[in-house]
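# Observations on chain architecture
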Amino acid sequence: MLNGWERNRYYGPVDKLKEMPFWYGIIIIVTVIMTVKSNTKRDDYMNKEYGYGRISTEKQNVERQVRNILAAYPAAIIVKEIFTGTKFQGRKELDKILSKIQTGDTIIFDSFSRMSRNAEEGFSLYEELFTKGVNLVFLKEPHINTNTYRKAIESKLQIAFD
C-alpha cells in the first residue's frame, strides 16, 4: 500500500511515458520527427543536384541540355549560361555553383565539353571537385562520372589488399 508521500509524488514527463502504452511513445516520436522535418528547409539536410547547361553563342539553344538533365535528374536545380569560349570572361553561373557546392552535392552536365573548353582546365576542375567529394555526372560520357572513378579506385584497393 502507498503511503501519503508516494501517493502525492509528482510524476514528471518521463514517469508519465513509462505508464503510457508502447504505441503512444511511437506516436510521440513520429510527431516530433515530422515537426522537425517540416520546420527544416530541404537545403539544410539534403545534398543538392545542380544541372549546368552552357552554350557558346546566343544563336544556340540550351534547352536540349536542360531536357536531358531533367530527364535523368528531375530534382536538379538548373543553371544556364551563355559563354563564348574564345573570350576569357569567366563563367559566372558555374562560378556561383562552385562557390556554394558542398561535399555530397552533384553537378550534372550534358557532356564533358560543357564543363570546360580544354583538357587541362577540365582535368584540374574534375580533380578539385573529386577531392572535395562533389559528384560529377556527364550524361553523354558516364564512364568518366566521379562515381565510376571512385568504384574503380575502390576495386583496385580491394585487389591490392587481397
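Above: the structure in question.
Presented here is an overview of the structure given in this document. Quantities reported herein were computed from a predicted structural model and do not represent experimental measurements.

Turning to helix 5 (residues 63–72), its buried residues number three or more, namely Gln65, Val66 and Ile69. Each buried residue of helix 5 sits inside an arc of 100° when the element is viewed along its axis, so together they form one side. In this structure, helix 5 carries Arg67 and Ala71 as exposed residues pointing more than 90 degrees from its buried face. Against strand 1 (49–55), strand 2 (77–82) and strand 3 (106–109) lie the buried residues of helix 5.

Now for the pattern of salt bridges. Per the stated rule, a full pass over the model turns up 5 salt bridges. Across the salt bridge formed by arginine 64 and aspartate 110, the nearest N and O atoms sit 2.8 Å from each other. Taken as a pair, arginine 64 in helix 5 and aspartate 110 in the loop between strand 3 and helix 7 (119–132) lie far apart in primary sequence, 46 residues in all. Of the charged contacts, one joins arginine 91 and glutamate 121 as a salt bridge, the two residues approaching to 2.2 Å between their closest N and O atoms. Of the two residues, arginine 91 is situated in the loop between strand 2 and helix 6 (92–100) and glutamate 121 in helix 7; the sequence distance between them amounts to 30 residues. Its relative accessible area of 29% is what places glutamate 121 among the partly exposed residues. Connected through shared salt-bridge partners, Arg64, Asp110 and Lys140 make up one network.

Another point: the sheet that holds strand 4 (residues 135–138). Strand order across the open sheet formed by 4 strands is 2-1-3-4, with parallel pairing between neighbours. Each end of this open sheet is capped by a strand with a single partner; those strands are strand 2 and strand 4. Within the sheet, the average angular offset between the axes of one strand and its neighbour, ignoring direction, is 20°. Sheet topology note: the strand 1/strand 3 ladder contains 4 bridges and is parallel. Paired with tyrosine 52 across the bridge in strand 3 is phenylalanine 109. Those strands touched by helix 6 are strand 1, strand 2 and strand 3, and its axis lies near 145° from that of strand 2.

Our focus in this paragraph is helix 7. Counted at 1.5 Å a residue, the expected span for helix 7 with its 14 residues is 20 Å, and the 20 Å between its end C-alpha atoms agrees. Along helix 7, the positions that sit buried rather than exposed are Gly122, Leu125, Tyr126 and Leu129. Looking straight down helix 7, one finds its buried side chains confined to an arc of 105°; they lie on one side. Across from the buried face of helix 7, at angles greater than 90 degrees, the exposed residues are Glu120, Phe123, Glu128 and Thr131.

Calculation notes
Residues numbered from 1 in each chain as written. Predicted model: local features only at pLDDT ≥ 70, side-chain atom pairs only at ≥ 80, totals over all residues. Heavy atoms only, no water. Buried < 20%, exposed > 50% of the residue type's maximum accessible area, 1.4 Å probe, protein only. Helix = DSSP H or I, 4+ residues; strand = E, 2+ residues; numbered from the N terminus. Arc of directions from axis to C-beta. Contact = heavy atoms within 4.5 Å. Salt bridge = Lys/Arg side-chain N within 4 Å of Asp/Glu carboxyl O. Pairing = 2+ DSSP bridges. Axes fitted to C-alpha atoms, helices over the stretch in contact; angles between N-to-C directions. Expected span 1.5 Å × (residues − 1).

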